[in-house]
Amino acid sequence: MTWDVGRPYEIDPFTLDLRTPIGRLDDWIDPDDLAIWPFPFIFSTAHPVFDPVTRQDFYTVQYAGLSENALNLIHFHSSNETQDEMESHLRKLDEHENSEMPENGLELVTSIFRNLGRDVRRTLDHLKESVENIVDALEHRTGATDKINDLLKRRPPVETDGDFYGIRKDDSTYIIRWNGTQEVLKWKVEYQDGEEVKALKIEQTIHQMGLSADYIVLIDTAFKLNFDGVFYNPAWLAKKIRQWFGKPQLSYTKLYIIRRKDLTEEVSTVVAKHLIIPRETGHYLVNYDNPNGQITINVAHMCGSDSAEWLREFDKPVLPLDLDGYNGTLAGGPTDINYAGRYVIDVEEAVVIKGDRVSGPQTWGLALYTAAGSFAAMWDQAAPRSIDDLYWIAWGCTNLQTEFVANLYADYPHRTVPFAEVLKLASDPENNPEARPSLFRVKTKPDTDLQIAPDFYSFPVKHTVNSPQFIPRAGGTGGSTDGYIVCIVVSDQPTAGISTGDEIWVFKADDLHAGPICKLAHPDLNFGFTLHTAWMPKIQSIDAAQLNNIIPVREDFANRVADKSETIKNLFEEIYKNFEST
């Protein structure tokens, strides 16, 4: 069980009981690093990798994540010169502007910091003072966004290694390997940049990892983590902070490729190969075979898209649309057409030998994928050595476009479709199938042209699709199209006594255009928001012989709780009871 901001955990697939984390807390963090809360910030990947052929070597990753943005904010406000300049700009603005700020704005911000824990206040006193000064200036004058943006763009770079304003912060990136025991191995990742070797620092996230027979692939993926995302209430403060610190995704993809043979117990650091390809990347899959030191990677180029932004109560739509009730949902679809891409890379030379991209009416809002053999090891079949067919769902060119996101990508450097045309498509989903969600197949077999298969399916208006999963046909050949695609489909069109509108649709993998061959529904079926899924032919508990490899919860959190208040200690005693035998 994984996600982007926490340790991966092993669960029992039969009972769904939590079994053990992958590695102890002290394996993931410096025990003295931000030891303020019992549950520390841990940035990892939602898609760790496992060798499906050797059935050994589970790899995940740890990196700094949000800290660079946070420390840049602290560094900016700690500069007397830029702070004084900013306040000067704020106070000089014309007095007729409306601040949209309550009269007790300063009191509200002060209360936010007053209610923080004592240790937090001690390390962030300089930030508290600066925010009070900013709010004080804003209460007298507004319209400051442009001036503040100018200052932020000119803020000096910050080095975050070591002790910084009382916060110990290691912003390095680490590869972690686990083999089912309590112990993990960990390597700091550097990369070759020309003649220079640099520490790998992630600007956005490592949402996904890739693995081949000889290599591990890391990508700085287009799922940003911005400091402004931390602020939600009060709305007036969240709006200002997003205006100042909001930024688009990177418009290119940074790849880092690590030789698996370099990950030995004799070293603590590994050097990755590094290259950049145009256009941002979200999800991707790597072929297992890497002949002649060449890897093949299939990617989703989420051009001008931003799954990290969500609708807030102060957002304004670009198209005529009542946003009431949409608060908290994803902030719109793509502002440009998306591409499915395939790249063959010579690892040692760190160059793309061959690159292909395809797009079409189906590729608006590329989202989630599935392929045959994704879980082959689970049903004792040989894992595929390459991806011959890749199935994608796309969320379409939706009308949930906000002014904020549109402005973020107004100058998108790889634009293919003018934004006015994007809005035209999004405004009429009845007559524009590309504006609706779709399910389609990309032919990715090596040594053939990359192409979108003609048998795609466009979902009806007011339906959304998630969680595609390939399930092989019983008694089939095991081929890349010999099976079924199962999706979760949600609509606002219930059928009394039969369906809530939340359903499971089943497609034949080799004939998507025919539509679902089966729809599963129930009057009590009510989904939450789902993303990736997994299929197994049978469910069974973990071998009891592995129980000695479980990391005890009490032992794991002992160092984090020892110096906390009696209230927290008593709370954890109650927590421990749920994980200890009576």
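What counts and how
Residues numbered from 1 in each chain as written. Predicted model: local features only at pLDDT ≥ 70, side-chain atom pairs only at ≥ 80, totals over all residues. Heavy atoms only, no water. Helix = DSSP H or I, 4+ residues; strand = E, 2+ residues; numbered from the N terminus. Buried < 20%, exposed > 50% of the residue type's maximum accessible area, 1.4 Å probe, protein only. Contact = heavy atoms within 4.5 Å. Pairing = 2+ DSSP bridges. Axes fitted to C-alpha atoms, helices over the stretch in contact; angles between N-to-C directions. Arc of directions from axis to C-beta. Parallel < 35°, antiparallel > 145°, perpendicular 65-115°, else oblique. Nonpolar A, V, L, I, M, F, W, Y, C, P; charged D, E, K, R; others polar. Phe/Tyr/Trp six-rings, centres within 6.5 Å; stacked < 30°, edge-to-face > 60°. Lys NZ or Arg CZ within 6 Å of the ring centre and 35° of its normal. Salt bridge = Lys/Arg side-chain N within 4 Å of Asp/Glu carboxyl O. Polar contact = N/O pair within 3.5 Å; in protein donor to acceptor, adjacent residues only side chain to side chain. Core = buried A, V, L, I, M, F, W, Y, C linked by side-chain atoms within 4.5 Å.

Caption draft 1: Structural detail: the overall build of the chain. When you go through the chain residue by residue, the secondary structure sums to 12 helices and 26 strands. Expressed as a percentage of its 582 residues, the buried residues of the chain come to 49%. A sequence separation of at least 24 residues applies to 69% of the contacts in the chain between residues at least 6 apart.

Caption draft 2: The sheet that holds strand β25 (residues 502-508), seen in detail. In spatial order, the strands read β23-β24-β25-β26; together these four strands make up an open sheet with antiparallel pairing. Edge positions in the sheet fall to β23 (463-472) and β26 (518-520), since each has one partner strand and no second. Ignoring strand direction, the axes of neighbouring strands in this sheet form an average angle of 25°.

Caption draft 3: Expanded view of helix α11 (residues 553-561). Buried within α11 we find D556, F557, R560 and V561. Around the axis of α11, the buried residues are gathered within 120° of arc, so they sit on the same side. Residues of α11 that are buried in the fold lie against β2 (18-21), α1 (25-28) and α12 (566-577).

Caption draft 4: Examining the packing of α11 against α12 more closely. Between α11 and α12, whose axes approach to 11 Å, the crossing angle comes to 170°. Taken together, the axis directions place α11 and α12 in an arrangement best described as roughly antiparallel. Where α11 abuts α12, its residues V553, R554, F557 and V561 lie against I568, K569, F572, E573 and Y576. Grouping the amino acids of the contact of α11 with α12 by side-chain chemistry returns six nonpolar, no polar and three charged.

Caption draft 5: Highlighting the packing of aromatic side chains. Scanning the entire structure with this criterion turns up 13 aromatic pairs. An aromatic cluster is built from F39, F557, F572 and Y576, whose rings are joined through pairwise contacts. Residue placement shows R279 over the ring face of Y339; its charged tip is 5.2 Å from the ring centre.

Caption draft 6: Seen up close, the pattern of salt bridges. A full pass over the atoms with the stated rule returns 23 salt bridges. Note that R259 is salt-bridged to D262, the shortest N-O span being 2.8 Å. Residue classification places R259 among the partly exposed residues on the basis of a relative accessible area of 23%. Across the pair E573 and R554 runs a salt bridge, and its minimum N-O distance is 3.1 Å. One end of the pair, E573, is in helix α12; the other, R554, is in helix α11, with 19 residues separating them in the sequence. Judged by its relative accessible area of 33%, R554 is partly exposed. Look at the salt bridges and you will find they share partners, linking R24, E183 and E555 into a network.

Caption draft 7: Representation of unusual backbone geometry. The backbone phi angle of R279 is positive, close to 75°, even though this residue is not glycine. Within the element layout of this structure, R279 appears in the loop between β13 (269-278) and β14 (284-286). Residue classification places R279 among the buried residues on the basis of a relative accessible area of 11%. Not every positive phi belongs to a glycine, and S467 is a case in point at roughly 55°. Tracing the backbone through its elements, the reader meets S467 in strand β23. Residue classification places S467 among the buried residues on the basis of a relative accessible area of 2%.

Caption draft 8: Seen up close, helix α10 (residues 419-426). Residues V422, L423, L425 and A426 constitute the buried set of α10. Buried residues in α10, looked at end-on, bunch into an arc of 160°, giving them a common side. Exposed residues pointing more than 90 degrees away from the buried face of α10 are listed as A420 and K424.

Caption draft 9: Main features of the side chain of Q204. Summarising the element assignment, Q204 is placed in the loop between β9 (196-199) and β10 (209-211). Only 2.7 Å separates the side chain of Q204 from the backbone nitrogen of L250, close enough to count as a polar contact. Ignoring anything within four residues of it in the chain, the contact list for Q204 reads Y63, D220, T221, A222, F223, K224, L225, Q249 and L250.

Caption draft 10: Summary view of the pairing of strand β19 (residues 389-394). The buried fraction of β19 amounts to six of the six residues, a majority that puts the element mostly inside the structure. Across the two faces of β19 the burial is the same, with D389, Y391 and I393 and L390, W392 and A394 all buried. Relative to strand β20 (residues 438-443), β19 is paired through six bridges, and the arrangement is antiparallel. Its bridge partner being in β20, W392 is matched across the sheet by F440.

Caption draft 11: Structural context of the nonpolar core. Counting 37 residues, the largest nonpolar core has I175, M209, V217, L218, I258 and I297 as its most contacted members. In terms of residues, this core owes the most to one element, strand β11 (residues 215-219), which gives five residues. Beyond its immediate sequence surroundings of up to four residues, I175 is in contact with Y59, T60, L185, K186, W187, V189, M209, I216, L218, I258 and L263. Of all hydrophobic cores here, the second largest spans 21 residues; its members include V405, L408, V422 and L425.

Caption draft 12: Geometry of the pairing of strand β15 (residues 294-301). Of all the eight residues making up β15, seven are buried; the element is thus mostly covered by neighbouring parts of the structure. Looking at chain direction, β14 and β15 are connected through three bridges and run antiparallel. Residue pairing for β15: V286 is matched across the bridge by I297. As judged from the eight bridges shared by β15 and strand β16 (residues 339-346), these two strands associate in the antiparallel manner. For V299, the partnering residue across the bridge sits in β16 and is G341.

Caption draft 13: Seen up close, the sheet that holds β16. Across the sheet, four strands lie side by side as β14-β15-β16-β17; this open sheet has antiparallel pairing. Strand pairing shows two members of the sheet lacking a second neighbour, β14 and β17 (351-358), which therefore form its edges. Each strand of the sheet is rotated relative to its neighbour by a mean of 15°, with strand direction disregarded. Strand direction decides the pairing type here: β16 and β17, joined by seven bridges, are antiparallel. Among the inter-strand pairings, G341 is bridged to a residue of β17, identified as R357.

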